[in-house]
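Here's the letter readout for the chains.
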Amino acid sequence: MSNPTPLLRVSDVSKRFGGVQAVGGVSLDLAPEEIIGIIGPNGAGKTSFFNLVSGMHIPDSGTVEFDGQDITRMNSTDRARAGIGRTFQIVRPFSGMTVAENVMVPLLVNNAHVSTAHKKSLELLEDLDIHHLADTPTEALTLAQRKRVEVARALATDPKLLLLDEVLAGLNSREVVSVLPFVKRVRDRGVAILMIEHIVSAVMEVSDRMMVLDHGKVIAHGVPESVIKDPKVVEAYLGAE
Ligand SMILES: Nc1ncnc2c1ncn2[C@@H]1O[C@H](COP(=O)(O)OP(=O)(O)O)[C@@H](O)[C@H]1O
Ligand SMILES: [Mg+2]
């Protein structure tokens, strides 16, 4: 079932905030170049799980291994350097900067030369079909455009693992359809992807496997077609919405 050498191995992680068990004993193996979609009702613990993988939070118990290394206690900056890139559910581009400058920041933080960072940022913007916006201030962008900038920024440092937290939320169906091929293209270039998403049909289309969280626990896990038919999943969604 699980790959003998997963890129990411999360074993039985838990995280409590006061009286809330945000994540309660979640395990997940992710192979290189695999896309796993994570779904679940609001408050299920999806973002908290991402925070345990990205180093924003340290788990109360359990372990996180990445690329053969135990990173359970590693901070988020070192995890980003080790190859974990992420987007945030609330998109917060640096204001007072252009789109290209926003994408250059993570490269400059990693000591790239300014000209190298500029070239790389333009390549990423081209990949995401927003190169025409390179010199536009981020304040002037639509939500869909800001989300693309966020993805470009997460990809700037060539991560081995990309964490996408609801990058499709708030986009219209045409915009959603236009982003999905890009997600697959990133994977085809050798990046593993964990993707939290509300639009189940969109997650199903790109995911190799899916994991469903509810109240901090995994209630279903497997190939998309069987996961969405699971009575526990149907109930969690009907109960929540
Ligand atoms: N930093 C935090 N401090 C306190 N409670 C939190 C924090 N982060 C998440 N929670 C709580 O943990 C639960 C799971 O939240 P979250 O992981 O954001 O869910 P999801 O992303 O699935 O909607 C919620 O009850 C939320 O209020
Ligand atoms: Mg969330």
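Residues numbered from 1 in each chain as written. Chains lettered and ligands numbered in written order. Predicted model: local features only at pLDDT ≥ 70, side-chain atom pairs only at ≥ 80, totals over all residues. Heavy atoms only, no water.

Draft legend 1. Structural detail: the packing of helix H5 (residues 143-155) against helix H6 (residues 173-188). Between H5 and H6, the shortest axis-to-axis distance is 12 Å and the interhelical angle comes to 10 degrees. On the basis of their axis angle, the class for H5 and H6 is roughly parallel. Along its contact with H5, which presents Ala144, Arg148, Val151 and Leu155, the element H6 presents Glu175, Ser178, Val179, Phe182 and Val186. Grouping the constituent residues of the contact of H5 with H6 by class yields six nonpolar, one polar and two charged. (Axes fitted to C-alpha atoms, helices over the stretch in contact; angles between N-to-C directions. Helix = DSSP H or I, 4+ residues; strand = E, 2+ residues; numbered from the N terminus. Parallel < 35°, antiparallel > 145°, perpendicular 65-115°, else oblique. Contact = heavy atoms within 4.5 Å. Nonpolar A, V, L, I, M, F, W, Y, C, P; charged D, E, K, R; others polar.)

Draft legend 2. Local environment of the environment of Met97. Position of Met97 among the secondary structure elements: in the loop between strand S6 (84-86) and helix H3 (99-109). Of the residues examined, Met97 reaches a relative accessible area of 26% and is grouped as partly exposed. Setting aside residues up to four positions removed in sequence, Met97 forms contacts with Asn102, Val105, Thr136, Pro137, Thr138 and Glu139. (Buried < 20%, exposed > 50% of the residue type's maximum accessible area, 1.4 Å probe, protein only.)

Draft legend 3. Examining the site of ligand 1 more closely. Around ligand 1, the neighbouring residues are Phe17, Val20, Ala22, Pro41, Asn42, Gly43, Ala44, Gly45, Lys46, Thr47 and Ser48. Within the contact set of ligand 1, an oxygen atom lies 3.0 Å away from a backbone nitrogen or oxygen of Gly45. Between ligand 1 and Ser48 there is a distance of 2.6 Å, counted from an oxygen atom to a side-chain nitrogen or oxygen. Considering ligand 1 on its own, with 560 Å² of exposed area, one finds that the protein chains cover 61% of that surface. Broken down by secondary-structure element, the contributors of at least two residues to the shell around ligand 1 are strand S2 (20-30) and helix H1 (46-54). Looking at the shell around ligand 1, the element that brings in the most residues is H1, giving three residues. Counted by class, the shell around ligand 1 contains five nonpolar, five polar and one charged residues. (Near = heavy atom within 4 Å. Polar contact = N/O pair within 3.5 Å; in protein donor to acceptor, adjacent residues only side chain to side chain. Areas by Shrake-Rupley, 256 points an atom, 1.4 Å probe, with all protein chains shown as cover.)

What is shown is where atoms sit, not what they do.
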